[in-house]
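So the chains spell out like this:
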Amino acid sequence: MNGLNTILIVVGLFLLGGVISFSKQKMPKGVIVLLGIAAVMCIVAGVMRIQGLWE
């Protein structure tokens, strides 16, 4: 399942880029917060799967 780890981390980084872009465009704070939470969850899930903490 190494591919899933990579996909989770890449999607998380993509969403993090969206957070940065949305904050520069002065989008509503709620959208930025939800996108940030989703990004962090994807990145953390990918890293935890790599470390073997969550299977």
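Residues numbered from 1 in each chain as written. Predicted model: local features only at pLDDT ≥ 70, side-chain atom pairs only at ≥ 80, totals over all residues. Heavy atoms only, no water.

This part is about the overall build of the chain. Counting secondary structure elements, the chain contains 2 helices and 0 strands. Every one of the 55 residues in the chain was classed for burial, and the buried ones make up 24%. By sequence separation, contacts in the chain at least 24 residues apart represent 61% of the contacts at least 6 residues apart. When the accessible surface of the chain is split by element, carbon and sulfur atoms take 76% of a total near 4,000 Å². (Helix = DSSP H or I, 4+ residues; strand = E, 2+ residues; numbered from the N terminus. Buried < 20%, exposed > 50% of the residue type's maximum accessible area, 1.4 Å probe, protein only. Contact = heavy atoms within 4.5 Å. Areas by Shrake-Rupley, 256 points an atom, 1.4 Å probe, with all protein chains shown as cover.)

Let us look at unusual backbone geometry. Of note in the backbone geometry, Lys26 takes a positive phi value of approximately 60 degrees without being a glycine. Looking at the element boundaries, Lys26 is found in the loop between α1 (2-24) and α2 (29-51).

A word on the environment of Gly17. Within the element layout of this structure, Gly17 appears in helix α1. Remark: the alpha-carbon pair of Gly17 and Gly36, spanning 19 residues in sequence, is separated by 9.4 Å.

Any link to function would need more than the numbers given here.
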